Amino acid sequence: ATFAGPAYAADLMTADEIRERMRAGVDHISNDELMSRIAANEDIVLIDVRTEEEYEAGHISGAQSTPRGVVEFRIGALAPDADQEIIVTCSHGTRAAAVTKILRGIGYTNVHAHEGLTAWVDAGNPIENRLGTLQAAPASGSDD
């Protein structure tokens, strides 16, 4: 085997390039579409792939904490059928996109990434944590 040598900073991708690659090829569903899908399918699996700490701080009602890095090993218990509808969410949609690709690669056929909890909260939708349900006012559209 040949040793290729160390990687140099000039050879590495930037954080923006990494995020772009993680999101490539994955369309994100909106908050409205997420609510419609949840209302239409009582068997939907909503997975929050953020860290346990992020999840505990606040999450979408009904979301199951399955952090990125272990979701591949826990998904069989959550969604035993390949055509099970799965929605993946995180903070801004990047980790959700990466996990969506992974689940599709495993063989799941009905997986979608959500745009993220930040967009959810900015729209004024409620989140849950150990204190109960919390709801912020929607973010204003102005740049003041």
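Data block above holds the structure.
Quick caveat: nothing in here was measured; it's all calculated off a predicted structure.

Trainee: Looking at this structure, how should I read the nonpolar core?
Mentor: Looking at soluble globular proteins, one finds that nonpolar side chains tend to be buried together. In terms of nonpolar packing, the biggest core is built from 17 residues, with Ile47, Ile75, Ile86, Val88, Leu103 and Tyr108 touching the most fellow members. Here the element with the most residues in this core is helix H5 (residues 94–106); it accounts for four residues. Beyond its immediate chain neighbours, meaning those up to four positions away, isoleucine 86 contacts Val45, Ile47, Ile75, Ala79, Leu103, Tyr108, Asn110, Val111 and His112. Listed in part, the eleven residues of the second largest apolar core include Ile29, Leu46, Ile60 and Leu117.

Trainee: I would appreciate a short explanation of the sheet that holds strand S3 (residues 64–65) in the present structure.
Mentor: Hydrogen bonding along the main chain pairs the strands of a sheet, whether they run parallel or antiparallel. Pairing is parallel in the open sheet, where five strands are placed in the order S1-S5-S4-S2-S3. Looking at strand neighbours, the two that pair on one side only are strand S1 (28–29) and S3, the edges of this open sheet. Note: strand S4 (residues 86–89) against strand S5 (residues 111–114), three bridges, orientation parallel. By the bridge assignment, valine 88 is partnered in S5 with alanine 113. Packing against the sheet, helix H4 (residues 71–78) makes contact with strand S2 (45–48), S3 and S4, and its axis sits at approximately 155° to S2.

Trainee: Can you walk me through the packing of helix H1 (residues 15–23) against H5 in this structure?
Mentor: Relative orientation and spacing of two packed helices are given, respectively, by the angle between their axes and the distance between those axes. Between H1 and H5, the least distance of the axes is 8 Å, while the angle of their chain directions is 45°. Classified by the angle their axes make, H1 and H5 are oblique. Helix-helix and strand crossings are classified by hand; for H1 and H5 the assignment is left-handed. Contacts from Arg19, Arg21, Met22 and Arg23 of H1 reach H5 at Thr94, Arg95, Ala97, Ala98 and Lys101. Taken together, the residues that form the contact of H1 with H5 break down as three nonpolar, one polar and five charged.

Calculation criteria
Residues numbered from 1 in each chain as written. Predicted model: local features only at pLDDT ≥ 70, side-chain atom pairs only at ≥ 80, totals over all residues. Heavy atoms only, no water. Core = buried A, V, L, I, M, F, W, Y, C linked by side-chain atoms within 4.5 Å. Buried < 20%, exposed > 50% of the residue type's maximum accessible area, 1.4 Å probe, protein only. Helix = DSSP H or I, 4+ residues; strand = E, 2+ residues; numbered from the N terminus. Contact = heavy atoms within 4.5 Å. Pairing = 2+ DSSP bridges. Axes fitted to C-alpha atoms, helices over the stretch in contact; angles between N-to-C directions. Parallel < 35°, antiparallel > 145°, perpendicular 65-115°, else oblique. Left-handed = near helix turned anticlockwise from the far one by under 90°. Nonpolar A, V, L, I, M, F, W, Y, C, P; charged D, E, K, R; others polar.

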